[in-house]
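Structural overview for review
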Amino acid sequence: MRVNHFGEAVAKDYDTDCEPMPVQPVVDFLKGLAGDGSALELGIGTGRIALPLSRAGVAVHGIDLSEEMLDRLRAKPGAERIGVTVGDFATAKAPGPFRLAYLVFNTIMNLTTQDDQVACFANVAEHLEPGGFFVIEVQVPDLQRLPAGETVRPFAVTPERLGFDEYDIATQGLISHHYRIVDGAARTVSMPFRYVWPAELDLMARMAGMRLHERVTDWDRGPFTSDSGKHVSVWQKL
């Protein structure tokens, strides 16, 4: 049974924490691929992307392990139009088929073993119709900025917030540590991930019967280069 790392401590502030993140470019990108078909969001969470995508005319179904995150989704206007399956998105089944499946904001890294990530691609392939698309937004591993012999890199340092990523190079493990001061009280969250390389994802897709359709650096389709800190990749089911 997979551990739910998105319990109440994370869910209650998730929407506030995500306010600076883009929404409309994501929706436009996904809508263009879905066309008049339906979409499956893996790790649908509070509906940050699913709800506006639904309002744009795409029928959306979501899978998520966290009841606490899904409670936030269900309380929002328009949630009644979105189907939800509670479970592990690497293996859980949803009523399909779908024209589009997608994972945004590093969510593929919540699967903390290579076997689980491979299983996710296989699961998506089972849900997609022929010619359907699978989209992942994920960071490029930041190892070139990690000094030799060190395992921790800061990603946020402000008077109200500290953030550190702790790497285990041998296992491609990553623990993201967050320390925040809210209303004078300290709040800490540490969450495990498995970082993954673009070429590794391409191989997982090939094993699942998909091929790379497009890779860009962001939702506005900027070119993916050696300096890109993340990528948005699209694979198509053969």
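For the structure itself, consult the block above.
Not measured: the values here are computed from a predicted model. (Residues numbered from 1 in each chain as written. Predicted model: local features only at pLDDT ≥ 70, side-chain atom pairs only at ≥ 80, totals over all residues. Heavy atoms only, no water.)

Taken as a whole and judged by the stated rule, the model has seven aromatic pairs. For the ring pair phenylalanine 121 and phenylalanine 134, a centre distance of 5.1 Å and an interplane angle of 75° mean the geometry is edge-to-face. Taken together, the positions of phenylalanine 121 in helix H5 (residues 114–127) and phenylalanine 134 in strand E5 (residues 128–139) put the pair 13 residues apart, joining distant regions of the chain. As far as the burial class goes, phenylalanine 121 and phenylalanine 134 line up, both buried. Both rings, one in phenylalanine 164 and one in tyrosine 179, keep their centres 6.4 Å apart while their planes meet at 65°; by these two values the pair is edge-to-face. With phenylalanine 164 in strand E7 (residues 161–168) and tyrosine 179 in strand E8 (residues 173–182), this pair connects stretches of sequence that are 15 residues apart. Its relative accessible area of 26% is what places phenylalanine 164 among the partly exposed residues. A residue is classified by how much of its surface remains accessible, and tyrosine 179, at 36% relative accessible area, is partly exposed. Feature note: the residues Phe121, Phe134 and Trp235 constitute an aromatic cluster, connected by ring pairs. The side chain of arginine 221 reaches across the aromatic face of phenylalanine 29, ending 4.1 Å from its centre. (Phe/Tyr/Trp six-rings, centres within 6.5 Å; stacked < 30°, edge-to-face > 60°. Helix = DSSP H or I, 4+ residues; strand = E, 2+ residues; numbered from the N terminus. Buried < 20%, exposed > 50% of the residue type's maximum accessible area, 1.4 Å probe, protein only. Lys NZ or Arg CZ within 6 Å of the ring centre and 35° of its normal.)

Another aspect to go through is the sheet that holds strand E6 (residues 152–157). An order of E6-E7-E8-E9 is seen for the four strands of this open sheet, with the pairing classed as antiparallel. In this open sheet, the two strands that pair with only one neighbour each are E6 and strand E9 (185–194). The average angle at which neighbouring strand axes cross in this sheet is 15°, direction not considered. Pairing analysis gives eight bridges linking E7 to E8, with the strands arranged antiparallel. When the sheet's bridge partners are listed, glutamate 166 is paired in E8 with isoleucine 175. (Pairing = 2+ DSSP bridges. Axes fitted to C-alpha atoms, helices over the stretch in contact; angles between N-to-C directions.)

What follows covers the sheet that holds E5. As summarised here, the arrangement of the seven strands in space is E3-E2-E1-E4-E5-E11-E10, forming an open sheet in which the pairing is mixed. Sheet topology places strand E3 (83–86) and strand E10 (210–216) at the edges, where each strand pairs with a single neighbour. For this sheet, the mean angle separating the axes of adjacent strands, direction not counted, is 20°. Bridge count between strand E4 (residues 98–103) and E5: five bridges; the pairing is parallel. Counted as the bridge partner of alanine 101 is phenylalanine 134 from E5. In this fold H5 packs onto strand E1 (39–42), E4, E5, E10 and strand E11 (230–237), with an angle of close to 145° to the strand it touches most, E5. (Contact = heavy atoms within 4.5 Å.)

Here the focus is the packing of H5 against helix H6 (residues 198–207). Where H5 meets H6, the closest approach of the two axes is 8 Å, and the angle between their N-to-C directions is 50°. The angle between the axes of H5 and H6 places the two elements in the oblique class. The interaxial crossing formed by H5 with H6 has right-handed handedness. Of H6, the residues touching H5 (which contributes Gln114, Gln117, Val118 and Phe121) are Glu200, Leu201, Met204, Ala205 and Met207. (Parallel < 35°, antiparallel > 145°, perpendicular 65-115°, else oblique. Left-handed = near helix turned anticlockwise from the far one by under 90°.)

Moving on, we get to the packing of helix H1 (residues 8–17) against helix H4 (residues 67–74). Here H1 crosses H4 at 30°, and the two axes come no closer than 8 Å. By the angle class used here, H1 and H4 are roughly parallel. Along this stretch, H1 crosses H4, giving a crossing that reads as right-handed. Across the interface between the two elements, Glu8, Ala11, Lys12 and Tyr14 from H1 touch Glu68, Met69 and Arg72 from H4.

Further remarks concern the environment of glutamine 172. Within the secondary structure, glutamine 172 sits in the loop between E7 and E8. A residue is classified by how much of its surface remains accessible, and glutamine 172, at 16% relative accessible area, is buried. In this structure the C-alpha to C-alpha distance between glutamine 172 and proline 141, which are 31 residues apart in sequence, comes to 9.2 Å. Residues in contact with glutamine 172, not counting those within four places in the same chain, are Phe193, Arg194, Tyr195, Val196, Trp197 and Glu200.

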